[in-house]
Amino acid sequence: MRLMIKTDYSGMSEWVAHYVVQKINNHKAETDKPFVLGLPTGSTPLGTYKALIRYCNSGNVSFNNVITFNMDEYVGIPKNHSQSYHTFMWDNLFSKIDIEPENVNILDGNAPDLVKECEDYEHKINAYGGIDLFLGGIGSDGHIAFNEPGSSLSSRTRLKTLNNKTVMDNARFFDEDTSQVPTVALTVGVGTILDANEVLLLVSGHSKALALRHIIEEPINHMWTGSALQLHKKAIIVCDDDATHELRVGTVRYFKELEELNSVQEI
């Protein structure tokens, strides 16, 4: 596992966006196959999305041969609801880049058969040869996508009941009214994420510091589902300084020294 520690949220967001651009451009130079990109929602990736829009508009990257799969979607609210993840993605990224609409894949929380919707999603990912790069974030309780504490670490895309902590955390998007927050969602599984060729997790702020400690320093634990990334052959976590406050001083120093060595070797 690689841990990149940036000074602040802006630096973290820019590093991740630049990394994604490099991956897309390198892939395009090597093959005509689409680049398959997994994407999260929430406040953490917004800075990265803004930077990707800037890179696209300046001609540094094109998304016209990129296929996207989002991590999750609420069940029971319309696609055009202000807080649906369909709306979030189109407002904050897709409508501002040159991606083909048919290449965007987001789970349908209003599908007539939600179990089939999840099975079809898994099949479609596999039909494209899997996810090349899956971006993600974590909840304050360490969950990745909507894989709440206690989720199977081999889970696949499925229907998931959200716990009270997640509902309360997401109430800020619903005028702090927990009664308006959906309590059920569709989500890719931990196993789905681990199947990606590469996983890049974004972690920002004091509120995620305890979760980051469990992911980096503690044993793999289904109560902190993000810790499953320890099993991945190529997992990168990019965080800001505020998110490291629960890590041991020696851990922070170790990973910063590694990145200094890597930067010297890359020159």
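Keep in mind it's a predicted model, so treat the numbers as computed, not measured. (Residues numbered from 1 in each chain as written. Predicted model: local features only at pLDDT ≥ 70, side-chain atom pairs only at ≥ 80, totals over all residues. Heavy atoms only, no water.)

Q: Looking at this model, I keep getting lost on the overall build of the chain. Mind explaining?
A: When you go through the chain residue by residue, the secondary structure sums to eight helices and 10 strands. In terms of overall size, the chain behaves like a compact globule, its C-alpha atoms giving a radius of gyration of 18 Å where 267 residues would be expected to give roughly 18 Å. With the C-alpha coordinates aligned to their principal axes, the bounding extent of the chain is approximately 55 × 40 × 35 Å. The proportion of buried residues among the 267 residues of the chain is 54%. Contacts in the chain between residues far apart in sequence, at least 24 positions, make up 79% of those at least 6 positions apart. (Helix = DSSP H or I, 4+ residues; strand = E, 2+ residues; numbered from the N terminus. Rg over C-alpha atoms; globule rule 2.2 N^0.38 Å. Buried < 20%, exposed > 50% of the residue type's maximum accessible area, 1.4 Å probe, protein only. Contact = heavy atoms within 4.5 Å.)

Q: Looking at this structure, I do not really get the sheet that holds strand 2 (residues 35-39). What am I missing?
A: Strands pair in a sheet through their backbones, by hydrogen bonds, and they do so in one of two ways: parallel or antiparallel. Taken in spatial order, the seven strands make up an open sheet running 1-10-9-6-2-3-5, and their pairing is parallel. Only two strands of the sheet have a single neighbouring strand rather than two, namely strand 1 (2-6) and strand 5 (104-105). Relative to strand 6 (residues 133-137), strand 2 runs parallel, the two being bridged by two bridges. Paired with L37 across the strands is L133, a residue of strand 6. Most of the contacts of helix 1 (residues 9-30) go to strand 10 (residues 235-240), to which it runs at about 150 degrees, and overall it touches strand 1, strand 2, strand 3 (66-70), strand 6, strand 9 (199-203) and strand 10. (Pairing = 2+ DSSP bridges. Axes fitted to C-alpha atoms, helices over the stretch in contact; angles between N-to-C directions.)

Q: Help me out: how do you make sense of unusual backbone geometry in this one?
A: Negative phi values dominate among residues other than glycine, just as trans dominates among peptide bonds. Although it is not a glycine, D175 adopts a positive phi angle of roughly 55 degrees. Positive phi, close to 60 degrees, is recorded for E176, a residue that is not glycine. Inspection of the secondary structure puts E176 in the loop between helix 5 (164-170) and strand 8 (184-187). We classify E176 as exposed; its relative accessible area is 58%.

Q: Sorry, what's going on with the sheet that holds strand 7 (residues 158-161) here?
A: The three strands lie next to each other as 4-8-7, forming an open sheet whose pairing is antiparallel. Of all strands in the sheet, those bounded by a partner on one side alone are strand 4 (72-74) and strand 7. This sheet shows a mean twist of 30 degrees between the axes of neighbouring strands, independent of strand direction. With three bridges connecting them, strand 4 and strand 8 associate as antiparallel partners.

Q: It is not clear to me how the pattern of salt bridges should be interpreted in this structure. Could you clarify?
A: All chains considered together, the criterion is met by 12 salt bridges. In this structure, D120 engages K116 in a salt bridge whose closest nitrogen and oxygen atoms are separated by 2.8 Å. A residue pair is termed a helical-turn pair when its members lie 3 or 4 positions apart in one helix, as D120 and K116 do in helix 4 (residues 114-127) at four residues. The exposure class of D120 is partly exposed, given its relative accessible area of 33%. The partner of E198 in a salt bridge is K234, and the shortest N-O contact between them spans 3.9 Å. Within this pair, whereas E198 is found in the loop between helix 6 (190-194) and strand 9, its partner K234 is found in the loop between helix 7 (209-216) and strand 10, the two being separated by 36 residues in sequence. E198 sits in the buried class, given a relative accessible area of 5%. Given a relative accessible area of 39%, K234 falls into the partly exposed group. Each member of the salt-bridge network shares a partner with another, and the members are K23, E198 and K234. (Salt bridge = Lys/Arg side-chain N within 4 Å of Asp/Glu carboxyl O.)

Q: It is not clear to me how a nonpolar patch on the surface should be interpreted in this structure. Could you clarify?
A: A contiguous nonpolar surface patch, about 290 Å² in accessible area, is contributed by Y254, L258 and L261. Residue position: L258 is located in helix 8 (residues 249-266). Taking the relative accessible area as the measure of exposure, L258 reaches 31% and is therefore partly exposed. (Patch = residues over 30% accessible without salt bridge, like charges linked within 9 Å, V, L, I, M, F, W, Y side chains within 5 Å. Areas by Shrake-Rupley, 256 points an atom, 1.4 Å probe, with all protein chains shown as cover.)

Coordinates in, geometry out; function isn't part of it.
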